[in-house]
Amino acid sequence: EVQLVESGGGLVQAGGSLRLSCAASGFTADDYAFGWFRQAPGKEREGIACISASEDSTFYADSVKGRFTIARDSAKNTVYLQMDSLKPEDTAVYYCAADRVVVAGYIGALLTYDYDYWGQGTQVTVSS
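A brief report on the enclosed structure follows.

Cut-off values and rules
- Residues numbered from 1 in each chain as written.
- Predicted model: local features only at pLDDT ≥ 70, side-chain atom pairs only at ≥ 80, totals over all residues.
- Heavy atoms only, no water.
- Helix = DSSP H or I, 4+ residues; strand = E, 2+ residues; numbered from the N terminus.
- Rg over C-alpha atoms; globule rule 2.2 N^0.38 Å.
- Buried < 20%, exposed > 50% of the residue type's maximum accessible area, 1.4 Å probe, protein only.
- Contact = heavy atoms within 4.5 Å.
- Areas by Shrake-Rupley, 256 points an atom, 1.4 Å probe, with all protein chains shown as cover.
- Lys, Arg positive; Asp, Glu negative; His and termini not counted.
- Charge placed at Lys NZ, Arg CZ, Asp CG, Glu CD.
- Phe/Tyr/Trp six-rings, centres within 6.5 Å; stacked < 30°, edge-to-face > 60°.
- Salt bridge = Lys/Arg side-chain N within 4 Å of Asp/Glu carboxyl O.
- Disulfide = S-S within 2.5 Å.

**Observations concerning the overall build of the protein**
(1) Moving on: Tallying secondary structure elements over the protein gives 0 helices and 11 strands in all.
(2) Moving on: When the elements of the protein are put in sequence order from the N terminus, they spell out β-β-β-β-β-β-β-β-β-β-β.
(3) Moving on: Its C-alpha radius of gyration of 14 Å places the protein within 12% of the 14 Å reference for a compact globule of 128 residues.
(4) Moving on: Each principal axis of the C-alpha distribution contributes one length, and for the protein these read about 40 × 30 × 25 Å.
(5) Moving on: Residues classed as buried in the protein amount to 45% of the 128 residues present.
(6) Moving on: Restricting to contacts in the protein with at least 6 residues of sequence separation, those with at least 24 account for 59%.
(7) Moving on: A total of about 6,400 Å² of accessible surface is found on the protein, and carbon and sulfur atoms cover 46% of it.
(8) Moving on: If you average the places of the 10 positive and of the 16 negative side-chain charges in the protein, the two averages end up 6 Å apart.

See the structure below:
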């Protein structure tokens, strides 16, 4: 059974950091592309970071570029989102998604790809 479980969300002050985890089971994470998404109340879901299968090429939305980092730990079959310099506008539910897809050339396409597998989400709240 394919399953993704997010963890690591919580409450943090502006300027602080959080590290989100996406633990994969039922498949080998190295063979899948992953994306991190977030959704705040009343707003559209936003793709913020993605990583390609195998070669670990990454792409970030302008809203988080330079502050967030996506990475894969093959040994732990887990994908992470390191979030630094957090701002109140980062407050949202964060979701991990995965699919066995190979994107040729433009890795940023993974920010809008229709992923098959999704986690349950984890709340991130950044206070002023």
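**Description of the packing of aromatic side chains**
(1) Moving on: Evaluated as defined, the whole model comprises 7 aromatic pairs.
(2) Moving on: Ring geometry for Phe27 and Phe34: centres 6.2 Å apart, planes at 25°, overall stacked. For the pair Phe27 and Phe34, a shared accessibility class is recorded, and that class is buried.
(3) Moving on: Where Tyr115 meets Trp118, the ring centres are 6.3 Å apart and the plane angle is 85°; that geometry is what we call edge-to-face.
(4) Moving on: On the accessibility criterion, Tyr115 (3% relative accessible area) is buried.
(5) Moving on: Members of the aromatic cluster, joined through ring pairs, are Phe37, Tyr113, Tyr115 and Trp118.

**Considerations on the pattern of salt bridges**
(1) Moving on: Scanning the entire structure with this criterion turns up 5 salt bridges.
(2) Moving on: One salt bridge in this structure joins Asp90 and Arg38, with 2.9 Å as the shortest N-O distance. A residue pair is termed long-range when its members are at least 10 positions apart, and Asp90 in the loop between strand 8 (78-83) and strand 9 (92-99) and Arg38 in strand 4 (residues 33-39) qualify at 52 residues. Each member of the pair, Asp90 together with Arg38, is buried.
(3) Moving on: Overlapping salt bridges, with partners in common, bring together Arg38, Glu46, Arg67 and Asp90 in one network.

**Observations regarding the state of the cysteines**
(1) Moving on: Under the counting rule described, the total for this entry stands at 1 disulfide.
(2) Moving on: The disulfide bridge from Cys22 ends at Cys96, spanning 2.1 Å between sulfur atoms. Where Cys22 bonds to Cys96 through sulfur, the torsion about that S-S bond is close to -80°, and the disulfide is left-handed. Remark: Cys96 occurs in strand 9 and Cys22 occurs in strand 3 (residues 18-25); sequence separation between them is 74 residues.
(3) Moving on: Unpaired in terms of disulfides, Cys50 finds its nearest cysteine sulfur in Cys96, a separation of 12 Å.
(4) Moving on: Note on Cys50: relative accessible area 0%, which makes it buried.

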